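# Close look at the chain arrangement
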Amino acid sequence: MRSAGQLSRAQAAVKESGLAFKILDEHVETTSGHVSISTMHLAKGLEFRAVAVMACDDEIIPLQERIETVGDDSDLQEVYDTERHLLYVACTRARDHLLITSVEPASEFLDDLRTQSDRPRPPSQETG
């Protein structure tokens, strides 16, 4: 989730699935057998087998409140860069599986991810 304001959406989705969950706080203590729910900021430096990055909606990422406070174009570019980086960091917490969700309209940043995932991958170079 982009920020604490969207945590209730994640809670509702996990409750609907019937899975146990734990909302991570600044202590970032995970519980085995539980889905961990956190903000993108708290996920920095962690790794999970599977990650769902939820609420990648327009006006959530990038966060509309941050855009509205910008004074000039260079500040706007900085906001876009840091918000894009935050999404990238959240997505790279996944070791094996990544799911990104949104409602329409989705974040414009998802187009960047689609473009990257559509690129052909170089052949693996095995030695031996």
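Residues numbered from 1 in each chain as written. Predicted model: local features only at pLDDT ≥ 70, side-chain atom pairs only at ≥ 80, totals over all residues. Heavy atoms only, no water.

Attention now moves to the overall build of the protein. Helices and strands together make up the secondary structure of the protein, namely five helices and four strands. Secondary structure of the protein in N-to-C order comes out as α-β-β-α-β-α-α-β-α. For the protein, the accessible surface area stands at approximately 8600 Å², while carbon and sulfur atoms represent 48% of it. (Helix = DSSP H or I, 4+ residues; strand = E, 2+ residues; numbered from the N terminus. Areas by Shrake-Rupley, 256 points an atom, 1.4 Å probe, with all protein chains shown as cover.)

The next subject is the packing of aromatic side chains. Ring pairs (aromatic) are described by centroid distance and by the angle formed between their planes. Under the defined criterion, the tally for this structure stands at one aromatic pair. Between Tyr80 and Phe109 the ring centres are 6.0 Å apart and the planes differ by 75 degrees, which places this aromatic pair in the edge-to-face class. With Tyr80 in helix α4 (residues 73–91) and Phe109 in helix α5 (residues 109–118), this pair connects stretches of sequence that are 29 residues apart. For Phe109, a relative accessible area of 1% puts it in the buried group. (Phe/Tyr/Trp six-rings, centres within 6.5 Å; stacked < 30°, edge-to-face > 60°. Buried < 20%, exposed > 50% of the residue type's maximum accessible area, 1.4 Å probe, protein only.)

What follows concerns the side chain of Asp57. Counting through the fold element by element, Asp57 comes out in the loop between β3 (48–53) and α3 (64–68). Overall, Asp57 belongs to the buried group, its relative accessible area being 5%. Within polar-contact distance, the side chain of Asp57 engages the backbone nitrogen of Val103 at 2.9 Å. Excluding anything up to four places from it in sequence, Asp57 contacts Arg9, Ser102, Val103, Pro105, Ala106 and Ser107. (Polar contact = N/O pair within 3.5 Å; in protein donor to acceptor, adjacent residues only side chain to side chain. Contact = heavy atoms within 4.5 Å.)

The residue Arg2 is located in the segment before α1 (7–17) in this model. A relative accessible area of 6% means that Arg2 is categorised as buried. Looking at Arg2, its side chain comes within polar contact range of the side chain of Glu83, at 2.7 Å. Apart from residues lying up to four places away in sequence, Arg2 is in contact with Thr39, Met40, His41, Ile60, Ile61, Leu63, Arg66, Glu83 and Leu86.

Relative to the helices and strands, Ala90 is located in helix α4. As for Ala90 and Glu47, which are separated by 43 residues in sequence, their C-alpha atoms are 9.7 Å apart. Setting aside residues up to four positions removed in sequence, Ala90 forms contacts with Met40, Val51 and Val53.

Now for α4. Its 19 residues place the ends of α4 27 Å apart at the C-alpha level, agreeing with the 27 Å of an ideal helix rising 1.5 Å per residue. Every buried residue of α4 is listed here: Val79, Glu83, Leu86, Leu87, Val89, Ala90 and Cys91. (Expected span 1.5 Å × (residues − 1).)

The next subject is unusual backbone geometry. Cis geometry is found at the peptide bond from Ile61 to Pro62, where omega equals 5 degrees. The backbone of Val28 sits at a positive phi, close to 50 degrees, despite the residue not being glycine. Relative to the elements of secondary structure, Val28 occurs in the loop between β1 (21–23) and β2 (35–37). Even without being glycine, Ala55 reaches a positive phi, approximately 65 degrees. The class of Ala55 is buried, set by a relative accessible area of 3%.

Honestly, that's just the spatial picture; any functional story needs more than this.
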